[in-house]
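For reference, the chains in residue letters:
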Amino acid sequence: MIKIYEDLIQFTEVLPVVNLACHQYLLTTKEPILFHTGTAAYAKELIPQIKKVLKNKKLKYIYISHFESDECGGLFQLLNEFPEAIPVCSEITARQLIGFGITSNFIQKLPGETLKNDEYELEFIEYPSEVHLWNGFIAFEKKRKIFFSSDLVFTFGNFHGEIRESNWEKEVNNSGALDISQKLVDDLLKINPKFLATGHGPCVKILE
Ligand SMILES: [Fe+2]
Ligand SMILES: [Fe+2]
């Protein structure tokens, strides 16, 4: 694990079969929020690292971009260890959590809604990443201007703690968003991130 940006910690699971690094992030505030869980097999490595960072604090939320093994495969184990943590997700993801018997205790958000306290304001943006191309989320933390890009801005390879520099328009154009929808591109260009906390590959510092 590594402190990658301000109070954001990055953890990394590497899937050797596909040579892919999958990142999870923990925002270490009074109400700590974890972004993604990694796979079920990796949960036993992730849980002690989270405990080490949290010390006596309780994990408050687990944000899930969409229902896939690297984004929430370890959710069942994490909820066993951190029973007070509440998953935050889209309606479609919530349906999967119930359907797979993982949990029925979650906070379900709509696109454009936020999860807000005095330390962060996380806005949820539609991201057609769920089964049948229904919407999951990508998320933008407005106070720190961190964009949690999930599977957009995607690079194969074994990366941990690495940051490259770029500009936002270029990243949007290269992100694959245009292949998904013009609306997604338009939604992305409305935000102004300073840092991209990617799901896979190096993170990105956005130059002015
Ligand atoms: Fe995914
Ligand atoms: Fe992913």
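In case you missed it, the structure is sitting above this.
Residues numbered from 1 in each chain as written. Chains lettered and ligands numbered in written order. Predicted model: local features only at pLDDT ≥ 70, side-chain atom pairs only at ≥ 80, totals over all residues. Heavy atoms only, no water.

**What to know about the nonpolar core**
Ile50 and Ile62 are the most contacted members of the largest nonpolar core, which has 23 residues in total. For this core, the elements supplying multiple residues, two or more each, are β2 (8-15), α1 (43-54), α3 (75-81) and α4 (91-99). Sorting elements by how many residues they give to this core places α1 first, with five residues. Non-local contacts of isoleucine 50, meaning those with residues more than four positions away in its chain, are made with Phe11, Leu26, Leu34, Leu78 and Phe82. Counting residues in each nonpolar core, the second largest holds 21 residues, with Tyr5, Tyr61, Val88 and Leu122 among its members. (Core = buried A, V, L, I, M, F, W, Y, C linked by side-chain atoms within 4.5 Å. Buried < 20%, exposed > 50% of the residue type's maximum accessible area, 1.4 Å probe, protein only. Helix = DSSP H or I, 4+ residues; strand = E, 2+ residues; numbered from the N terminus. Contact = heavy atoms within 4.5 Å.)

**Quick word on a nonpolar patch on the surface**
Nonpolar side chains collect at one region of the surface, where Val17, Val18, Phe154 and Phe156 lie side by side and expose about 430 Å² of accessible area between them. Here valine 18 shows up in the loop between β2 and β3 (20-27). Taking relative accessible area as the criterion, valine 18 reaches 43% and is therefore assigned partly exposed. (Patch = residues over 30% accessible without salt bridge, like charges linked within 9 Å, V, L, I, M, F, W, Y side chains within 5 Å. Areas by Shrake-Rupley, 256 points an atom, 1.4 Å probe, with all protein chains shown as cover. Salt bridge = Lys/Arg side-chain N within 4 Å of Asp/Glu carboxyl O.)

**What about the sheet that holds strand β4 (residues 33-35)?**
Pairing between the strands of a sheet comes from backbone hydrogen bonds, and it takes one of two forms, parallel or antiparallel. Pairing is mixed across the open sheet formed by seven strands, whose spatial order is β1-β2-β3-β4-β5-β6-β7. Both outer strands of the open sheet, β1 (2-5) and β7 (107-109), are each paired with one neighbouring strand and no more. Sheet twist, expressed as the mean angle between neighbouring strand axes with direction ignored, is 30°. Across three bridges, the pairing between strand β6 (residues 86-90) and β7 is parallel. Within β7, the residue paired with cysteine 89 across the bridge is glutamine 108. Strand contacts of α1: β2, β3 and β4, with the helix running at about 170° to β2, the strand carrying the most contacts. In the packing of α4 onto the sheet, contacts are made with β6 and β7, and the angle to β6 comes to roughly 130°. (Pairing = 2+ DSSP bridges. Axes fitted to C-alpha atoms, helices over the stretch in contact; angles between N-to-C directions.)

**With respect to the coordination of the iron ion (ligand 1)**
Here the iron ion (ligand 1) is held by His66 (NE2), Glu68 (OE), Glu71 (OE) and Asp151 (OD), and the distances to it run 1.9 to 2.7 Å. Read N to C, the donor residues that coordinate the iron ion (ligand 1) are spaced as H-x1-E-x2-E-x79-D. A separation of 3.2 Å is found between the iron ion (ligand 1) and the iron ion (ligand 2), both of which receive a donor from glutamate 71. The class for glutamate 68 is partly exposed, based on a relative accessible area of 39%. (Donors = N, O, S within 2.8 Å, 3.2 Å for Na, K, Ca; no water.)

**Quick notes on the coordination of the iron ion (ligand 2)**
Bound to the iron ion (ligand 2) are the protein donor atoms Asp70 (OD), Glu71 (OE), Asp151 (OD) and His200 (NE2), situated 2.0 to 2.2 Å from the metal. Viewed at the metal, the four donor atoms of the iron ion (ligand 2) are separated by angles of 88 to 176°, and the geometry they form is irregular. Expressed as a motif, the donor residue spacing for the iron ion (ligand 2) is D-E-x79-D-x48-H. (Tetrahedral: all angles 85-135°; square planar, octahedral: opposite > 155°, others 65-115°.)

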